[in-house]
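Listed below, chain by chain, are the residues.
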Amino acid sequence: MSTRRWVVPASFFSMVLGLCGLGTDWRAASQLWGLPAWIGEAVMAVAGSVWVLLAVLYGLKWLRSGTDARAEIEHPILCCFVALVPVTTMLVGLAVLPHALPLAWVLCSVGAVASLAFGVWRHGGLWRGGRSVGTTTPVLYLPTVAASLVSAMAASALGWPELGQLFFGAGVLAWLALESVIVTRLLQGEELPPPLRPTLGIQPAPPAVALLAYTSFTTGPPDLIAHALLGYAIVQALIAARLLPWIRQPFTPGYWAFTFGVTAIASATMRFAHRGDDRVFTALAPVLFVVANVVVVGLFIATVWAALRGRLIPPAAAAPQPLTSR
């Protein structure tokens, strides 16, 4: 097994989600409070470097260990993490947008098309049924909800707000449909096993990312929709925080699942606070910014420490066992 520890699971791309999210937070903080702009760009550079490294290793995984790659993409839970590959491609495209417009166009376009194709293919298979209720977890949000909402941000940033609204609608409606299924499973199904409990960190992300996407094609101070999304994102985050003692286990990269939601809600709140005098968004912006930094920086340090000790990739991650071919 030691010779296979270079086989990187697709879930590791969640690190890029958190790092790009924190870079976006610092860009927003620079505009809102005049904080040093170079910090956000430095974080984005780290995020881009991590993405390049993971993309190379993931490509090698398909070339050198196709069995592992196919087993992952056929697994009823792990398959959804594969959606992070094109999603993070778009986020890196947004990261380089202020510096290299043509590269941003390429990365965002390839990421959006690949995300849409993978989401249609993956969920088309799921609709055929045959899944165990125990395999229903918040990772189901990734192929359609996360992919569509990030596509909305990418399209709007590149000057296509109308297309961004289409992706926004697809992402929000997919979120509402899937949330009822996922919450029903959490309420009525068997208790999540410890290795899957960190995936609950994804649960607050849909309303938070939807709020961030909403800022990309709207103008003016926050409206009713913005306040509603913020309120629901905060409630979901508080529920996830309340479950931390139950979720807690020795560090695994799975904890990066918490970062996309926590950084998205901070960025969105700061962007809306920058637009106008809204007491709620203005008061929450600094609090959420600090929380996002603590979470992402803490996880980054823990990840580097685990990597230095050779404990970053658990043996089970190298060879997932498929439970279904759908």
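Numbering of residues starts from 1 in each chain and follows the order in which that chain's sequence is written. Residue-level local features of this predicted model are given only where pLDDT is at least 70; pairs of side-chain atoms are given and counted only at 80 or more, and the full residue set underlies all totals for whole chains, interfaces and linings. As a convention, hydrogens and water are excluded, and side-chain values are obtained from all of the structure's heavy atoms.

Here's the deal with the overall build of the protein chain
Alright, step 1. Only runs of H or I of at least four residues qualify as helices and only runs of E of at least two qualify as strands under DSSP, and these elements are numbered from the N terminus. Helix and strand counts for the protein chain come out as 13 helices and 0 strands.
Alright, step 2. Going from the N terminus to the C terminus, the protein chain shows its helices and strands as α-α-α-α-α-α-α-α-α-α-α-α-α.
Alright, step 3. The globule rule used here is 2.2 Å times the number of residues to the 0.38 power, and the radius of gyration it is set against is calculated over C-alpha atoms. Relative to the compact-globule value of 20 Å for 326 residues, the protein chain shows a C-alpha radius of gyration of 19 Å, a close match.
Alright, step 4. Along the first, second and third principal axes, the C-alpha atoms of the protein chain reach 55 × 40 × 40 Å.
Alright, step 5. Any two residues whose heavy atoms approach within 4.5 Å at even a single point are treated as in contact. Across the protein chain, contacts joining residues at least 24 apart in sequence account for 78% of those joining residues at least 6 apart.
Alright, step 6. A total accessible area of about 14600 Å² is found for the protein chain, and carbon and sulfur atoms account for 71% of it.
Alright, step 7. Once the 19 positive and 12 negative side-chain charges of the protein chain are each reduced to a mean point, those two points are 11 Å apart. Only the protein chains shown count as cover for residues, with accessible areas throughout obtained via the Shrake-Rupley method and a probe of 1.4 Å. The positive count covers Lys and Arg only, the negative count covers Asp and Glu only, and His and the chain ends enter neither. Here the site of a charge means atom NZ of a Lys, CZ of an Arg, CG of an Asp or CD of a Glu.

Describing the UniProt feature "transmembrane region" (unreviewed entry) in the protein chain
Alright, step 1. UniProt positions are given in the numbering used here, feature names are shortened, and annotations may be inferred rather than shown by experiment. According to UniProt, the positions carrying the feature "transmembrane region" (unreviewed entry) are residues 42-63, 75-97, 103-121, 141-160, 224-243, 255-274 and 280-308.
Alright, step 2. When the span residues 75-97 is considered, its composition is 57% helix and 0% strand, and the gap between its end C-alpha atoms is 34 Å.
Alright, step 3. Helix and strand shares over residues 141-160 are 85% and 0% respectively, and the end C-alpha atoms of the span are 24 Å apart.

Brief notes about the packing of aromatic side chains
Alright, step 1. Ring pairs are drawn from Phe, Tyr and Trp, using the six-membered ring of Trp, whenever the two centres fall within 6.5 Å, and their geometry is named by plane angle: stacked under 30 degrees, edge-to-face over 60, tilted for the rest. Counted by the stated rule, this structure contains 11 aromatic pairs.
Alright, step 2. Taken together, the ring pairs connect Trp26, Trp33 and Phe289 into an aromatic cluster.
Alright, step 3. Note on criteria: charge over ring means Lys NZ or Arg CZ within 6 Å of the ring centre, with the direction from the centre no more than 35 degrees off the ring normal. The lysine or arginine in question, Arg122, covers the ring of Trp121, its NZ or CZ lying 5.0 Å from the ring centre.

Comments concerning the packing of helix H9 (residues 224-242) against helix H11 (residues 259-275)
Alright, step 1. At their nearest, the axes of H9 and H11 sit 11 Å apart, and the two run at 150° to each other. Considered as vectors, H9 and H11 are oriented roughly antiparallel to each other. As for the relative orientation of H9 and H11, their crossing is left-handed in sense. Only Ile265, Thr269 and Phe272 of H11 make contact with H9, whose side of the interface consists of Ala226, Leu230, Ala233 and Ile234.
Alright, step 2. Split by residue class, the contact of H9 with H11 holds 6 nonpolar, 1 polar and no charged. Fitting a line to C-alpha atoms yields each axis, with helices limited to the stretch in contact; the angle taken between N-to-C directions then spans 0 to 180 degrees. Just so you know how the angles are binned, under 35 degrees is roughly parallel, over 145 roughly antiparallel, 65 to 115 roughly perpendicular, and the rest oblique. We call a crossing left-handed when the near helix sits turned anticlockwise from the far one by less than a right angle, and right-handed when that turn is clockwise. Under the convention adopted here, Pro, Cys and the residues Ala, Val, Leu, Ile, Met, Phe, Trp and Tyr are nonpolar, Asp, Glu, Lys and Arg are charged, and Gly plus all remaining residues are polar.

A short note on the side chain of Thr136
Alright, step 1. Inspection of the secondary structure puts Thr136 in the loop between helix H5 (101-126) and helix H6 (141-157).
Alright, step 2. Look past the residues within four positions of Thr136 in its chain and what remains in contact with it is Arg131, Val181, Ile182 and Arg185.

Let's talk about the packing of H5 against H6
Alright, step 1. In contact at an axis separation of 9 Å, H5 and H6 are set at 160° when each is read in the N-to-C sense. Judged by the angle between their axes, H5 and H6 are roughly antiparallel. Crossing handedness for the pair H5 and H6: left-handed. Contact residues: H5 offers Cys108, Ala112, Ser115, Phe118, Gly119, Arg122 and His123, while H6 offers Pro143, Thr144, Ala147, Ser151 and Ala154.
Alright, step 2. Residue composition of the contact of H5 with H6, grouped by class: 6 nonpolar, 5 polar and 1 charged.

Observations concerning the pattern of salt bridges
Alright, step 1. One side-chain nitrogen of Lys or Arg within 4 Å of one carboxyl oxygen of Asp or Glu is enough to make a salt bridge. The final tally for this structure, using the stated rule, is 3 salt bridges.
Alright, step 2. Of the charged contacts in the structure, one is a salt bridge between Arg27 and Glu41, with a shortest N-O distance of 2.9 Å. With Arg27 in helix H1 (residues 14-33) and Glu41 in helix H2 (residues 37-64), this residue pair connects regions lying 14 residues apart in the sequence.
Alright, step 3. Using a relative accessible area of 27% as the deciding quantity, one classes Glu41 as partly exposed.
Alright, step 4. In this structure, Lys61 engages Glu72 in a salt bridge whose closest nitrogen and oxygen atoms are separated by 2.8 Å. Here Glu72 lies in helix H3 (residues 66-74) and Lys61 lies in helix H2, a separation of 11 residues in the sequence.
Alright, step 5. Glu72 sits in the buried class, given a relative accessible area of 2%. Relative accessibility under 20% of the residue-type maximum defines a buried residue, over 50% an exposed one, and the middle range a partly exposed one, all with a 1.4 Å probe and only protein chains included.

Re H2
Alright, step 1. Across its 28 residues, H2 extends 41 Å between first and last C-alpha, which sits within 8% of the 40 Å expected from 1.5 Å per residue.
Alright, step 2. Along H2, the positions that sit buried rather than exposed are Ile39, Gly40, Val43, Met44, Ala47, Gly48, Val50, Trp51, Leu54, Tyr58 and Lys61.
Alright, step 3. Where the residues of H2 are buried, they touch H1, H3, helix H4 (84-96) and H5. Multiplying 1.5 Å by the residue count of a helix minus one yields the expected span of that helix.

Considerations on the environment of Leu284
Alright, step 1. Note on placement: Leu284 falls in helix H12 (residues 279-308).
Alright, step 2. The spatial distance from the C-alpha of Leu284 to the C-alpha of Ser132 is 40 Å, given a sequence separation of 152 residues.
Alright, step 3. Ignoring any residue separated from it by four or fewer positions in sequence, one finds Leu284 in contact with Leu230, Ile234 and Thr269.

Details of the nonpolar core
Alright, step 1. Judged by nonpolar contacts, the single largest core of 99 residues is most densely connected at Leu91, Leu149, Phe168 and Leu211.
Alright, step 2. Looking at this core, the element that brings in the most residues is H6, giving 10 residues. Residues belong to a common nonpolar core when they are buried Ala, Val, Leu, Ile, Met, Phe, Trp, Tyr or Cys residues joined through side-chain atoms within 4.5 Å.

Topic: the confidence of the model for the protein chain
Alright, step 1. Each residue carries a pLDDT score, the predictor's confidence in it, ranging from 0 to 100. Confidence along the protein chain averages 92 in pLDDT terms, with 94% of residues attaining 70 or more.
Alright, step 2. Mean pLDDT per element in the protein chain: helix H13 (residues 315-318) is the minimum at 48, and H4 is the maximum at 98.
Alright, step 3. Across residues 316-326, where pLDDT falls below 50, the model places 30 contacts with residues more than four positions away in sequence or in other chains.

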